[in-house]
Amino acid sequence: MSETRKLFIKTYGCQMNVYDSERMAEALGGQGYVETDTPDDADMIVLNTCHIREKAAEKVYSELGRFRELKAAKPGLKIGVAGCVAQAEGEEIMRRQPLVDLVVGPQSYHKLPQLEARTRAGEKALDTDFPEEDKFDHLAARPKARRAPAAFLTVQEGCDKFCAFCVVPYTRGAEVSRPAERVMSEARDLVERGVREITLLGQNVNAYHGHDGGLAGLIRDLAGIDGLERIRFTTSHPNDMDDALIAAHGEVEKLMPYLHLPVQSGSDKVLKAMNRKHDAESYLRLIERIRAARPDILISGDFIVGFPGETEEDFRATMDLVSAVEYGQCYSFKYSPRPGTPAAERSHVDEATKDERLQRLQALLRSQQRVVQDRMVGQEVNVLFERAGRAAGQMVGKSDHLHSVFVEAEDVAIGDLRRVRIVESAANSLRAELV
Ligand code: 5AD
Ligand code: SF4
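All residue numbers here refer to positions counted from 1 along the written sequence of the relevant chain. Each chain takes a letter, starting from A, and each ligand takes a number, starting from 1, following the order in which they are written. Restriction of local features to residues with pLDDT of at least 70 applies here, the model being predicted, together with a cutoff of 80 or more for giving and counting side-chain atom pairs; totals for whole chains, interfaces and linings are based on all residues. The basis for every side-chain value is the complete set of heavy atoms in the structure, and neither hydrogens nor water enter the calculation.

Thoughts on helix 6 (residues 112-120)
Buried within helix 6 are the following residues: Leu 112, Leu 115, Glu 116 and Thr 119. The buried residues of helix 6 occupy an angular sector of 100° when projected down its axis, which confines them to one face. Buried residues are those whose accessible area, probed at 1.4 Å on protein chains only, stays under 20% of the maximum for their type, while exposed residues exceed 50% and partly exposed ones sit between those limits. Only runs of H or I of at least four residues qualify as helices and only runs of E of at least two qualify as strands under DSSP, and these elements are numbered from the N terminus. Directions pointing from the helix axis toward each C-beta atom define the arc.

Pasting the structure below:
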């Protein structure tokens, strides 16, 4: 093993990037790197970037500019760009920012050790290929360190849906599923290291086909792992929500009653222009079927306002759909044109209108979220404790419905799964007492 070097990874964007950053750190561990939480003493800095919305590439360039002095003070410092901006911009990054030594796309992380070695030999290293092999298969096995009780596990990547606004099919490529046996062995390994809750990740996770029984089959197998108490998955497309997965929500106790099922808009005209391949009515019927299987399920979603061509009437249809669903949690965004996507070429809704619609939508979503949360008061729920709170003796965890729950208790440890009674609902969290 070579001498110890320090690695600083800054992660932007989605949970999949969080997972990828962990795996990159492990892969570079074999090169003698240990993680540090500041760029100041790092020998290598990696920005794991996101390209999903607004000016992502510009933010990366301005962040990179800030490393100029660090690099001047330490010429051996290597700077890398990973993630979706790396995939989208490729060589352009090195042309625009000569400080950068390494550019690596999300499908090439298993080549990091070789790429890093090339940078140390004084070369620039770039890899944005879409290879056939499973990158996780080639990444170093996870060291057997103790883990936090809740972990992410990527099971599927890429997307074949081509929603007209979205860069994912271009930056993450075609849909690929990891074989179920590999997912199972990674899950067992996580559980051995103290993990009690696993969130299966994929850009289109419910299109997972690495198991004969699809995602539902994988979930049923995972539920058989002793010590694994909770299973979640995200993100799903309505058209891939098949009967088996709906049934699993009713039957598999370890599958948590929370479903992130983005619809993006409530207007059929906009949904068609977005190339979503479903309409508002079919989405509402789907929610009904899911709730019939699991009545207490908390539904969450994503919305885009101000998509090209969206009129006030279209926007009202979105508000109506939101009212009909009663979401427990939602993310909403102003449409931002992504270079290379079909919608970017269309004529855009003006910024002021987008702002105004976003505010109206978010006010409605906030009030729904509050209603759903307030309803929890007086109920008994299970909480998996993940960290200590700021106040002395306070512990914080997540309920089955993914609410943040605060408890004041002496005898609770990180990793405990305990029954609590909710006593108060605050802006974004619940307070509870042990029962
Ligand atoms: N503009 C705004 N929001 C977007 N999303 C994806 N692409 C765009 C875009 N171009 C949102 C969608 C998706 C979430 C991850 O990000 O709502 O579900
Ligand atoms: Fe993007 Fe999701 Fe649509 Fe795929 S399904 S193109 S990831 S928004």
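Moving on from the coordinates now.
A few points about the pattern of salt bridges
The rule for a salt bridge is simple: a side-chain nitrogen of Lys or Arg has to be within 4 Å of a carboxyl oxygen of Asp or Glu. Within the structure shown, the criterion is met by 43 salt bridges. The closest approach of N and O atoms between Asp 43 and Lys 74, which form a salt bridge, is 3.5 Å. Remark: Lys 74 occurs in the loop between helix 3 (68-73) and strand 4 (78-82) and Asp 43 occurs in the loop between strand 2 (33-35) and strand 3 (44-49); sequence separation between them is 31 residues. For Asp 43, a relative accessible area of 23% translates into the label partly exposed.

Structural notes on the sheet that holds strand 3
Consider a sheet: its strands pair through backbone hydrogen bonds, and that pairing is either parallel or antiparallel. If you walk across this open sheet you meet the six strands as 2-1-3-4-5-6, and the pairing is parallel. Lying at the two open borders of the sheet, with one neighbouring strand each, are strand 2 and strand 6 (125-127). Adjacent strand axes in the sheet meet at a mean angle of 20°, parallel and antiparallel pairs treated alike. Should DSSP find at least two bridges between two strands, the strands are regarded as paired. For strand 1 (residues 5-11) and strand 2, the ladder comprises three bridges, and the chain directions are parallel. Each axis is a line fitted through C-alpha atoms, taken for helices only over the stretch in contact, and angles between the N-to-C directions span 0 to 180 degrees.

Things to note about unusual backbone geometry
A cis amide bond links Thr 234 to the next residue, Thr 235, at an omega of 5°. Along the chain, Thr 235 turns up in the loop between strand 11 (230-234) and helix 11 (243-251). Despite not being glycine, Phe 162 shows a phi value in the positive range, around 50°. Residue position: Phe 162 is located in the loop between strand 8 (156-157) and helix 8 (168-171). In this structure Phe 162 comes out as partly exposed when scored by relative accessible area, which is 37%. Its identity is not glycine, yet Asn 275 carries a phi of approximately 60°, on the positive side. Structurally, Asn 275 is set in the loop between helix 12 (268-273) and helix 13 (280-293). Assessed through its relative accessible area of 29%, Asn 275 is described here as partly exposed.

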